[in-house]
Amino acid sequence: MSSTLTERAEPDGAGTSGASGPRRARSVQVRPLGVVAVVALLAVVVAAVASASGTFPAAWRVPLGDGLDEVQDWVVRNRGSHWFFVGVLTPISTAIRALLMEIDAWLGLLGWPGVMLLIGTIATVVANWRVAIVSVAALVVIGLMGQWDDAMRTLALMSTAVAVALAIGVPLGVLSGRRPAVAAALRPLLDAMQTTPAYIYLLPLVFLFGIGDVPAVIATLIYALPPAVRLTALGIRTVPDDLLEVGRSSGGTSRQLLRTVQLPTALPSIRVGVNQTIMMALAMVVIGALIGGTGLGLGVLRGLQSVDVGRSLEPGVAIVLIAVLLDRITYGAGGRRRRGPAWRRPALVAGAFVAGLGLGALPFAREVPGAGILAFAEPVNQAWGAAESAIRGTTRAFSAVLLSFGLEPLRQGLLLIPWWLLILVVAVVAWRVVGAGVATFTVVAFGTTGALGLWPEAMNTASQLGVAAALAVAIGLPLGVAAGLSDRLDRALRPVLDTLQTMPAFVYLIPVVALFELGRVPGVIATVVYAMPPVVRLASAGIRAVPGSLVEAARSTGATRWQLLRTLQLPVARPQILLGVNQTIMMALASIVIAGLIGAGGLGFETVLGLTRGEVGRGFEAGLVIVLLGILLDRITQALGSDDEATRATVKTA
Amino acid sequence: MSEDGRAGDATSDAGTDAASDGSAPASGSNTATDGTAPKVVCEGLWKVFGPKPERIVNSSEADLPRDELMARTGCVAAVADVSFEVAPGEIFVVMGLSGSGKSTLVRCLTRLIEPTAGRIELAGRDVLASSDKELRDLRRNRVSMVFQHFGLLPNRTVRDNVAYGLEISGIDRATRYARADELIDLVGLGGFADSRPDELSGGMKQRVGLARAFANEPDILLLDEPFSALDPLIRAEMQTEVVRLQRQLDVTMVFITHDLREALRLGDRIAVMRDGRTVQIGTAAQLLEDPADDYIRDFTADVPRALVLTAGDVAEPLTGDGPSPEREIPADTLLRDCIPGVADGSGLRVVAEDGTVIGALGRRRVLDAIHGGRPTTDAASTARL
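Worth saying up front: this structure is predicted, and the values here are computed from it rather than measured.

Each value, and the rule that gives it
- Residues numbered from 1 in each chain as written.
- Chains lettered and ligands numbered in written order.
- Predicted model: local features only at pLDDT ≥ 70, side-chain atom pairs only at ≥ 80, totals over all residues.
- Heavy atoms only, no water.
- Helix = DSSP H or I, 4+ residues; strand = E, 2+ residues; numbered from the N terminus.
- Buried < 20%, exposed > 50% of the residue type's maximum accessible area, 1.4 Å probe, protein only.
- Contact = heavy atoms within 4.5 Å.
- Pairing = 2+ DSSP bridges.
- Axes fitted to C-alpha atoms, helices over the stretch in contact; angles between N-to-C directions.
- Parallel < 35°, antiparallel > 145°, perpendicular 65-115°, else oblique.
- Left-handed = near helix turned anticlockwise from the far one by under 90°.
- Nonpolar A, V, L, I, M, F, W, Y, C, P; charged D, E, K, R; others polar.
- Salt bridge = Lys/Arg side-chain N within 4 Å of Asp/Glu carboxyl O.
- Patch = residues over 30% accessible without salt bridge, like charges linked within 9 Å, V, L, I, M, F, W, Y side chains within 5 Å.
- Areas by Shrake-Rupley, 256 points an atom, 1.4 Å probe, with all protein chains shown as cover.
- Buried area = accessible area lost by both parts, 1.4 Å probe.
- Polar contact = N/O pair within 3.5 Å; in protein donor to acceptor, adjacent residues only side chain to side chain.
- Domains from an automatic or database assignment.
- Phe/Tyr/Trp six-rings, centres within 6.5 Å; stacked < 30°, edge-to-face > 60°.
- Lys NZ or Arg CZ within 6 Å of the ring centre and 35° of its normal.

Asker: How would you summarise the overall build of chain B if you had to cite specific residues and measurements?
Answerer: Looking only at helices and strands, chain B has 16 helices and 13 strands in total. The 385 residues of chain B split such that 51% are buried. Partitioning the intrachain contacts of chain B with sequence separation of at least 6 by distance along the chain shows that 68% fall at a separation of at least 24.

What follows is the structure in structure tokens.
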């Protein structure tokens, strides 16, 4: 872990620290990049003079999307004949469909009693009996809500995606942990996958695989892959050298070393990777429904699109229950020490599976008895109908305030600033904070935005992002610092944060839409809630990580609590806090783009259009701009704080 | 023992030897005096870290101070032209401060770190000429290592840790468990076979490390600062333990330490390293009585000599003119314990284990030896007078 820290921190540190050896060396290296950046900035100035306009000149529009539309036509015509589809893509989707149907069929054969027995047994064996009780209870509630069939469908989709993601991700992680060259090659790819908001790559998938459960599974597994690779690689890489030396000095071969030292030592990290992969997959359940995925996600989506709170809340609750269940089972794994024969656990699970099949064959196993007892769509809608008018008055007033004092002035302001001035300002900031490379990238990213004719949309999204991120940090940071200082507050916040973080992105939208209707305001509010946990967590963890000896030393000089915080705890915790801010901003971006679905407009909406109305070219352009701006935002905010891969990878489980 | 000299002075000679393969070691001083074939031979060994390390070996630049070498070539000579031999059953201690290259040296012996140049022979095999398979074979069957931070696999029980090397060698479970249990008893951990490393104290952990190292009945044991992470009391206990095990199991040891007391206590011979070179190789008495240079002299200045030197170390040969002293004293008696015998001014006859007379010991000689034999400065002697 420490080696990652030093190897990654060095360039950034050199960029901001005082004149020292490494800094001098770096400034020599940087010179060619600096020239490029200066040229790029000059180009902006020249372009500004040439256009003599504050708005991005329409004449410079690059019709990238039109070309893509043509490509799409070609794809549609050749899907059945071209070798790439027949020889590469079709086998992939056939294999995934086969696996999906297999899992689906087995779940069907188990029936509800079989599934409960199997999951209960797995929970007992992997975690403990308390988790088993919680898991079975969650399943019972899902059944009684009448969501059993959709839940099983979602479980099958997820299991398929997770199985494939792990089958690819863990070996890839092992390889990248053992071979630095592989790690270096994978790093930018994984970075891009993680900074890209999930549903951006739905579009190319629809392009290649069409619509349905299979592309939904593929989208899910792509999204869920990075943590499996990253955490496996991290685990392998952080195996202490002295343990490796033990293996080597005992005469172990490379394969023996992997089996006896590296994999067992990396196991805790790999387990976290599995947990993260599953949680990420679950977060895609609703998003996958956008491209034809079925199950609970589809229910949520339909309810959201028709603003039917009750109808979307039922599958939403079911998703949250599945999330809690899977999180508890996988997170609890490995928590306790096991004695006794190694074959016992797999034997127990296999036994439960066989017994489950027997239970599933019973006549009552198809339909959950009493299904629908807990269905609350109607009562919720009725109660909501009664309360709506009273609440709406307040929420509308709130919306109006947020719009007229936050979102709208910011958007107008961003649009009023001449485009070239904005580019110059951001580029100079990027240069100061990160370096010439990112300054150049700024010009490219903004230039692309303008050239694709998405400047107004981008400014709309930027204003929402700015307000949401500012609110999330403004609320989350003090909360986190307070939690870092107070054990009681930390204990109280922990379950709330856990729940917020296990909840898939879309589920937040349900109550928010109910309260604030459609538009930009509910998008911002859902984003604040969604994006806040990392900054709270990391600020609290950062304050807590300040060594007690330092606090003691400061205290002994007679510092007040406030002085202690200002002069010691905040500065020492700074890297962690800034990492939290980075995480919060990136999550806010992912969420604000999704808000396009509920009428927030901006770049997200353009992408949705691409998905739902088949305007592929336009959607693709918007997706590209989101990716470019996302990478830019990530680089700038990351450079502000520490850049430790280990912390990034495990941040969700901190 | 002045010819024991500084290995560093012989740089060029030893280097030439290393280049012309198969030649005898540079000087007799590095050889174990025993007549039998040495278990460990290390000859003109170099390990240079940095770009193009080969060019540093035996070059004039290698004689530069470290920072200058680094500035000029970007290289660090962690081990520079080290030569020594270890006799069967000997405990050979390599002593040096951190950064002296001792840990790199011990890792070069089994090529955990690939040496830049030189020749290494372990249990009669040329290590650097070994194929990967031969090397693994050597590590599995002939040489074991004990590590400073124990290197216990946290997910394995004590028994599985001790049996680890045997498992790597492909020995079946029943056999390796039987052997592991034997060794667990031998190191005094009976009853802890099913414990996990995190349930053990530091001293117990290193006992597991020792048991693991002994499990494959090695000829040679390499110990890299095995007791540095332990409390002083536990350390003394473990030192006794290691001597006991060494006698009982008859292995040859290369023992790395930064602790001079530990080196003097355990080492049959001691190599003192500094900046990658051996400054002096000799017995404890030779280091104390005949330091190769001021570095060794300063280094050993604070050693309680009365507790390290023995009567045999400092006895003066019987000249034949005076009468032989009447009272006898065994050669391995510590000087401290000779004091009562010489206090009244009479002499002692120092006798070896087999009864032969080694020499005589008088009050003057004992006091000189305890004082350190250093020439007193004029100021100091004046003050004392």
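Asker: For the overall build of chain A, give the residues involved together with the corresponding values.
Answerer: The secondary structure content of chain A amounts to 26 helices and zero strands. Here chain A, with 654 residues, has 51% of them falling under the buried criterion. Contacts spanning at least 24 positions in sequence make up 81% of the contacts within chain A whose residues lie at least 6 apart.

Asker: Could you give an account of the sheet that holds strand S10 (residues 277-282) of chain B, naming the residues involved and the relevant values?
Answerer: Residue and element names in this part refer to chain B. Taken together, the six strands give an open sheet; going across it, the order is S6-S7-S8-S3-S9-S10, and neighbouring strands pair in mixed fashion. Here the strands that pair on one side only, and so sit at the sheet edges, are strand S6 (143-146) and S10. Strand after strand, the sheet turns through a mean of 15° between neighbouring axes, direction not considered. The sheet contacts of helix H8 (residues 202-215) involve S6, strand S7 (220-224) and strand S8 (252-257), and relative to S6 the element is tilted by about 175°.

Asker: So what about the packing of helix H4 (residues 83-126) of chain A against helix H5 (residues 129-144) of chain A? Which residues, and what values?
Answerer: Residues and elements named next belong to chain A. One can describe the packing of H4 onto H5 by two numbers: an axis separation of 7 Å at closest approach and a directional angle of 155°. For the element pair H4 / H5, the angle class is roughly antiparallel. Between H4 and H5 lies a crossing of right-handed hand. Between H4 and H5, the residues in contact are Val115, Met116, Ile119, Gly120, Ala123 and Thr124 and Trp129, Val131, Ala132, Ser135, Val136, Leu139 and Val140, respectively. Grouping the amino acids of the contact of H4 with H5 by side-chain chemistry returns ten nonpolar, three polar and no charged.

Asker: Tell me about the sheet that holds strand S11 (residues 328-330) of chain B, and please be specific about residues and values.
Answerer: Sheets are built from strands that pair by backbone hydrogen bonding, the pairs being arranged parallel or antiparallel. Residues and elements named next belong to chain B. Read across the open sheet, the three strands follow the order S11-S12-S13; overall the sheet is mixed. Two strands lie at the open edges of the sheet, namely S11 and strand S13 (357-361), each paired on one side alone. Direction aside, the axes of adjacent strands within the sheet are offset by 35° on average.

Asker: Explain the pattern of salt bridges residue by residue, including any values.
Answerer: Applying the stated rule across the entire model yields 37 salt bridges over all chains. For Asp490(A), the salt bridge identified is with Arg494(A), shortest N-O distance 3.5 Å. With Asp490(A) and Arg494(A) both in helix H19 (residues 487-502) and four residues apart, this pair spans about one turn of that helix. With a shortest N-O distance of 3.0 Å, Arg119(B) and Glu43(B) are connected by a salt bridge.

Asker: How would you summarise a nonpolar patch on the surface if you had to cite specific residues and measurements?
Answerer: A cluster of nonpolar side chains, namely Trp83(A), Phe84(A), Val88(A) and Ile92(A), defines an oily patch on the protein surface of about 370 Å² accessible area. Counting through the fold element by element, Phe84(A) comes out in helix H4.

Asker: How would you summarise the interface of chain A and chain B if you had to cite specific residues and measurements?
Answerer: It is common to report an interface's size as the accessible area lost on association of the parts. The partner chain B presents 25 residues to the 19 residues of chain A that form the contact. A buried area of about 1900 Å², summed over both sides, lies between chain A and chain B, and 50% of it is on carbon and sulfur atoms. Inspection of the region where chain A meets chain B yields two salt bridges. Ionic pairing is found between Arg107(B) and Glu245(A), a salt bridge with its closest N-O pair at 2.4 Å. Summed over the shared surface of chain A and chain B, the result is seven residue pairs in polar contact (both at pLDDT 80 or more). Put simply, the parts of the chain that give the side of chain A that touches chain B at least two residues each are helix H10 (241-249) and helix H11 (254-289) of chain A. Of the residues assigned to the side of chain A that touches chain B, the class counts are four nonpolar, eight polar and seven charged.

Asker: For the domain arrangement of chain A, give the residues involved together with the corresponding values.
Answerer: Residue and element names in this part refer to chain A. Taken domain by domain, chain A consists of domain 1 (156-335) and domain 2 (401-653). Using only C-alpha atoms to locate each centre, domain 1 and domain 2 end up separated by 23 Å. Each partner contributes to the interface: domain 1 provides 38 residues, whereas domain 2 provides 35 residues. When domain 1 packs against domain 2, the two sides together hide about 3300 Å² of surface, and 79% of this comes from carbon and sulfur. Here domain 1 and domain 2 share zero salt bridges between them.

Asker: Got a sec to walk through the packing of aromatic side chains? Specific residues and values, please.
Answerer: For the structure shown, the criterion picks out five aromatic pairs over all chains. Its guanidinium or amino end placed over the ring of Trp129(A), Arg130(A) lies 5.4 Å from that ring's centre, counting from NZ or CZ.

Asker: A description of unusual backbone geometry should follow, citing residues and the corresponding values.
Answerer: Residue and element names in this part refer to chain B. Despite not being glycine, Phe150 shows a phi value in the positive range, around 70°. Mapped onto the secondary structure, Phe150 falls in the loop between S6 and helix H5 (158-162). Of the residues examined, Phe150 reaches a relative accessible area of 12% and is grouped as buried. In this model, Asp275 sits at a positive phi of 50°, which is unusual for a non-glycine residue. Within the secondary structure, Asp275 sits in the loop between strand S9 (269-274) and S10. Using a relative accessible area of 43% as the deciding quantity, one classes Asp275 as partly exposed.

Asker: Explain the packing of helix H7 (residues 180-195) of chain A against helix H9 (residues 213-237) of chain A to me, and be specific about the residues and the numbers.
Answerer: Residue and element names in this part refer to chain A. Running from N to C, H7 and H9 point in directions that differ by 140°, and their axes come no closer than 10 Å. It follows from the interaxial angle that H7 and H9 lie oblique. Classified by chirality, the crossing of H9 by H7 is left-handed. Contacts between H7 and H9 involve Ala183, Leu186, Arg187, Leu190, Asp191, Met193 and Gln194 from the former and Ile222, Leu225, Pro226, Pro227, Val229, Arg230 and Arg237 from the latter. For the contact of H7 with H9, the per-class residue count stands at nine nonpolar, one polar and four charged.

Asker: Help me get a handle on the environment of Met459(A), residues and values and all.
Answerer: All names here are of chain A. Assignment of secondary structure puts Met459 in helix H18 (residues 455-485). For Met459, a relative accessible area of 3% puts it in the buried group. For Met459 and Arg411, which are 48 residues apart along the polypeptide, the C-alpha to C-alpha distance reads 6.1 Å. Once you skip the residues sitting within four places of it in the chain, Met459 turns out to touch Arg411, Leu414, Leu415, Leu422 and Phe446.

Asker: If you had to explain H10(A) to someone new, which residues and values would you point to?
Answerer: The complete set of buried residues in H10(A) reads Leu243(A), Leu244(A), Glu245(A), Val246(A), Gly247(A) and Ser249(A). Considering only its buried residues, H10(A) is in contact with H11 of chain A together with helix H3 (102-109), helix H4 (132-141), S6, helix H6 (164-168) and H8 of chain B.

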